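Notes for the structure review
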Amino acid sequence: MKKIITLCLLLATVLAPAAGEQLPVYLDERQPVEKRIDDALSRMTLDEKIAVIHAQSKFSAPGVKRLGLPDFWTDDGPHGVRPDVLWDEWQQAGHTNDSCVAFPALTCLAATWNPSMARLYGRSLGEEALYRGKNMILGPGVNMCRTPLGGRNFEYMGEDPCLASAMVVPYIQGLQSNGVAACVKHFALNNDEENRFKVNVTVSDRALREIYLPAFEAAVKRGHTWGLMGAYNLYRDQHNCHNRYLLVDLLKGEWNYDGVVVSDWGGTHDTDQAVKNGLDMEFGTWTNGLSAGAKNAYDMYYMAMAYRAGIVSGKYTTRELDDKVRRVLRLYYRTTMARKSGHGFLCSEAHYDAARTIAEQGIVLLQNKRGVLPLKAGARRLLVVGENAIKMMTVGGGSSSLKAQREILPLDGLKARLGSAVQVDYARGYVGDTTGSYNGVTARQSLAETRSAAQLVAEAVDKARGADYVIVVGGLNKSNHQDCEDHDRLDYGLPYGQDSLVEALARVNSNVVFVNISGNAVAMPWSDKVAAIVQAWYLGSETGTALAAVLAGDVNPSGRLPFTWPRRLADVGAHALGAYPGTWRPGHDIIDEQYKEGIYVGYRWADKHRVKPLFAFGHGLSYTTFAMSGLRLDKRRVAAPDSITATVTVTNTGRRAGAQVVQFYVSDHSTTVDMPVKELRGFARVELQPGESREVSVVLGGHDFQYWDEAGGGWQVSHGRRTLLVGDAADHTPLRADFAVE
Ligand code: BGC
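Parameters at a glance
- Residues numbered from 1 in each chain as written.
- Predicted model: local features only at pLDDT ≥ 70, side-chain atom pairs only at ≥ 80, totals over all residues.
- Heavy atoms only, no water.
- Helix = DSSP H or I, 4+ residues; strand = E, 2+ residues; numbered from the N terminus.
- Buried < 20%, exposed > 50% of the residue type's maximum accessible area, 1.4 Å probe, protein only.
- Contact = heavy atoms within 4.5 Å.
- Areas by Shrake-Rupley, 256 points an atom, 1.4 Å probe, with all protein chains shown as cover.
- Lys, Arg positive; Asp, Glu negative; His and termini not counted.
- Charge placed at Lys NZ, Arg CZ, Asp CG, Glu CD.
- Salt bridge = Lys/Arg side-chain N within 4 Å of Asp/Glu carboxyl O.
- Pairing = 2+ DSSP bridges.
- Right-handed = clockwise from strand over helix to strand, strands pointing away.
- Phe/Tyr/Trp six-rings, centres within 6.5 Å; stacked < 30°, edge-to-face > 60°.
- Axes fitted to C-alpha atoms, helices over the stretch in contact; angles between N-to-C directions.
- Parallel < 35°, antiparallel > 145°, perpendicular 65-115°, else oblique.
- Left-handed = near helix turned anticlockwise from the far one by under 90°.
- Nonpolar A, V, L, I, M, F, W, Y, C, P; charged D, E, K, R; others polar.
- Expected span 1.5 Å × (residues − 1).
- Polar contact = N/O pair within 3.5 Å; in protein donor to acceptor, adjacent residues only side chain to side chain.
- Near = heavy atom within 4 Å.

Counting its secondary structure elements, the protein chain contains 19 helices and 29 strands. Projected onto the principal axes, the alpha-carbon positions of the protein chain cover approximately 90 × 65 × 65 Å. Within the protein chain, the fraction of its 742 residues that count as buried is 64%. Taking as baseline every contact in the protein chain between residues at least 6 positions apart, the subset at least 24 positions apart corresponds to 76%. Total accessible area computed for the protein chain in this model is approximately 26,900 Å², and 52% of it derives from carbon and sulfur atoms. Here the protein chain contributes 81 positive and 82 negative side-chain charges, whose respective centroids are spaced 3 Å apart.

Evaluated as defined, the whole model comprises 62 salt bridges. In this structure, R152 engages E155 in a salt bridge whose closest nitrogen and oxygen atoms are separated by 2.7 Å. What makes E155 buried here is its relative accessible area of 1%. In this structure, the salt-bridge partner of D668 is R722, at a minimum N-O distance of 3.4 Å.

Below, the discussion takes up the pairing of strand β16 (residues 512-517). Within β16, six of the six residues are buried, leaving the element largely enclosed by the surrounding structure. What you see with β16 is no split at all: V512, F514 and N516 on one side and V513, V515 and I517 on the other are buried throughout. Across six bridges, the pairing between strand β15 (residues 469-475) and β16 is parallel. Paired with G474 across the strands is N516, a residue of β16. Read from β15 through helix α16 (residues 498-508) to β16, the crossover connection turns out right-handed. The pairing of β16 with strand β17 (residues 532-535) spans four bridges and is classified as parallel. Bridged to V515 within β17 is V534.

Enumeration according to the criterion identifies 26 aromatic pairs in this entry. Relative to Y538, the ring of F154 lies with its centre 5.9 Å away and its plane at 75°, an arrangement referred to as edge-to-face. Placement of F154 in the loop between β3 (136-138) and α6 (161-176) and of Y538 in the loop between β17 and α17 (543-552) is noted, with a sequence separation of 384 residues between them. Side by side, F154 and Y538 carry an identical accessibility label, which is buried. Here Y430 and Y496 contribute two aromatic rings whose centre-to-centre distance is 5.9 Å and whose plane-to-plane angle is 10°, an arrangement assigned as stacked. Placement of Y430 in the loop between β12 (423-427) and β13 (437-438) and of Y496 in the loop between β15 and α16 is noted, with a sequence separation of 66 residues between them. Relative accessible area serves as the criterion here: at 4%, Y430 is assigned to the buried category. Given the relative accessible area of 28%, Y496 is considered partly exposed.

Bringing the environment of F664 into the picture now. Position of F664 among the secondary structure elements: in strand β23 (residues 658-668). Counting along the chain gives 536 residues from F664 to E128, while the straight-line C-alpha distance between them is 36 Å. With residues near it in sequence (within four places) discarded, F664 still touches A646, V648, E679, L680, R681, G682, F683, V696, V698, L724, L725 and V726.

The contact between helix α5 (residues 115-131) and helix α13 (residues 349-362) brings their axes to 10 Å, and the two run at 150°. If you check the angle between α5 and α13, you find them roughly antiparallel. In this structure, α5 crosses over α13, and the sense of that crossing is left-handed. For the pair α5 and α13, the contacting residues are M117, L120, Y121, S124, E127 and E128 in the first and H351, A354, T357, I358 and Q361 in the second. Its residues assigned to classes, the contact of α5 with α13 comprises five nonpolar, four polar and two charged.

It is worth spelling out α6 at this point. Between its terminal C-alpha atoms α6 stretches 22 Å, which fits the 22 Å expected from 16 residues at 1.5 Å a residue. For α6, the tally of buried residues reaches 13 of 16 residues, placing the bulk of the element in the interior. In this structure D160 caps α6, since a side-chain oxygen of it lies 2.9 Å from the backbone nitrogen of C162.

Taken together, 14 residues are adjacent to the ligand, and D76, R152, H186, D264 and E485 come closest. In this structure, an oxygen atom belonging to the ligand sits 2.9 Å away from a side-chain N or O atom of K185. The residue inventory of the shell around the ligand, partitioned by class, reads five nonpolar, two polar and seven charged.

All right, on to the side chain of K134 then. Note that K134 resides in the loop between α5 and β3. Under the relative-accessibility criterion, K134 is labelled buried at 6%. A polar atom in the side chain of K134 sits 2.6 Å from the side chain of D84. Those residues in contact with K134, other than ones at most four positions away along the chain, are W73, T74, D75, V81, D84, A129 and V180.

With that settled, consider the sheet that holds strand β22 (residues 644-652). Strands belonging to one sheet form pairs held by backbone hydrogen bonds; the direction of such a pair is parallel or antiparallel. Ordered by their spatial adjacency, three strands build an open sheet running β20-β22-β25, and the pairing between neighbours is antiparallel. Every other strand in the sheet has two partners, leaving β20 (626-633) and β25 (693-700) as the edge strands with one partner each. Along the sheet, successive strands turn relative to each other by an average axial angle of 20°, direction set aside. Direction of pairing for β20 relative to β22: antiparallel, over a ladder of six bridges.

A few words now on the sheet that holds strand β29 (residues 735-741). Here we have five strands laid out as an open sheet, ordered β21-β29-β28-β23-β24, and mixed in their pairing. At either margin of the open sheet sits one strand with a lone partner, and together these are β21 (637-638) and β24 (679-688).

Note that D425 resides in strand β12. Given the relative accessible area of 19%, D425 is considered buried. In terms of polar contacts, D425 uses its side chain to reach the side chain of R381, at 3.0 Å. Those residues in contact with D425 that lie beyond four places of it in its chain are R381, L382, L383 and V384.

Structure representation (structure tokens):
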């Protein structure tokens, strides 16, 4: 014993700083983090504690200068690092070193069905954030796509909890590997944007657990996200930034979350609830959170002076405060106080490569009649039509708007790829939104147009005659009431007269290819009349390059839809049941939105009501063909919590290398519990050379065999027969195998 003590003393003497420079525990990297947190906390004054839990500027919160804990900087998120704004204004700071690489929108990332792309995305974005001095990126978003009108669906990862969970985890891990925190948003039930501050969602516990929460749960439990942002809307009559059930009972209780809950900007409304219901850091827009400014705005925050006064008067103890500060300190030790692995990179070629690869893998070939794509080598004249072929899309859409260092437009990408061998003409076809600016960042282009709609169509039709191909690049944009924060779309149709433009072009040319730029499905009443349809999302900096590579066939498309593409709005549960946008209470302060369709979202609704979507969830074509065979299970009976492994052989039966996304759905034949026809439980993307075969396997277990029991308030194993359905889209699952859960 004596020996050990002597040794310890000796070690302590060797490791300790020189005499008179005693390193405090909270600064001592050899000490366990929780001990350092305790020590830092014990040294902080009440004012310092109050200061670190709320903003001091639009995107920062103060650290503790006296103790050498730096300021904490956040920034949007989630598609690139947002340009810097002034300290307390939304106007641009006017820096010349804050342009970034714009990565594809998260719908595109989800459409890759490739978790390694999510890791690459997170890692690359984290490197940009690190370089820019941002400690937390406000993203990724994982609210489920419930209606194609949803204004922010483009920032989210589709309609399916299994897919979104698989994609969000590596994104977070990649980002945080740089010492930059993720802030997963918007927790929870932000499934539409209209009236977002006033929507009070009512949803069954089962739909909450099975559809709306799994991706958040995965982000917390598997991704170990360090940050999470509350949503603007309400649930159970309480705003979600201080929602007792969601934040205290579920997130911090049941899920044991040890990170911080950040309010959405201006999403805090009440000091008492903010104190008691799990909010850790308050950020905002103006004093009242939304619309009005004041000189000492940040002191007026709900978790600033009002909270301090409550503590001084004895209304609150410091119990909640210390818990909040502990979490904030933990965040510091993970970010600002962590030893950095590097300094990050801004706009590196590696980041452009990442953006391009993700874009290429996310583009979905929805229709390809007569194998019209890829563009044939003999093509001599190609006509490109549409505003979206020349419109910058990295500007707009709300907080995810970027100042991209470069953005290659579709028309430019095509011209560069096809070179002088092909004559590439352009016709505008329609005028959409020509303004193109957000918070002082203005698209570096003029889209001014004086000709009438009829003249534009006539010009396009005229040029389309005799062209080998007509590539219409249309869809939505990032303006209000399109794919944009704060509002939803007003209708399902394409705007700006695009339907009649496409029909007119299809009448004079049989090789019309419609490239849809959007984050949502849109009505395509003319789909039978065009040869090909390509879903190209918002692809960011490398839009034109990635699109041209797919159209020209340098890249074989492998993206798959992360949501169901309905023919009409009435084929969507929320709309069929009149559950959207909800019902105003007297006084118009709250609009109640009841998710009447329950768990029947997306393909679950389409399956149940046997509605044939225009394009199914998981659908996407390739320039090659694949076969799947030999589905087998490692057992026929499984007793939970055991798992079962399913294996299938995939073969590339065509003449080009390509990637297939094998999708494993499970049908639960329970006679006692209401079950969807099938649910995605696993998937695997596999790249194959012509003639090559590979086996892919997925393991099913845990929640895959369970449902949320409303009455019992918990997960229950559903015992009985199952059918595993394997295929390459929700409407194409040719392989089947039965098993039983005992
Ligand atoms: C958005 C958030 C965003 C924040 C900061 C809010 O309006 O809802 O997603 O991170 O602003 O820009």
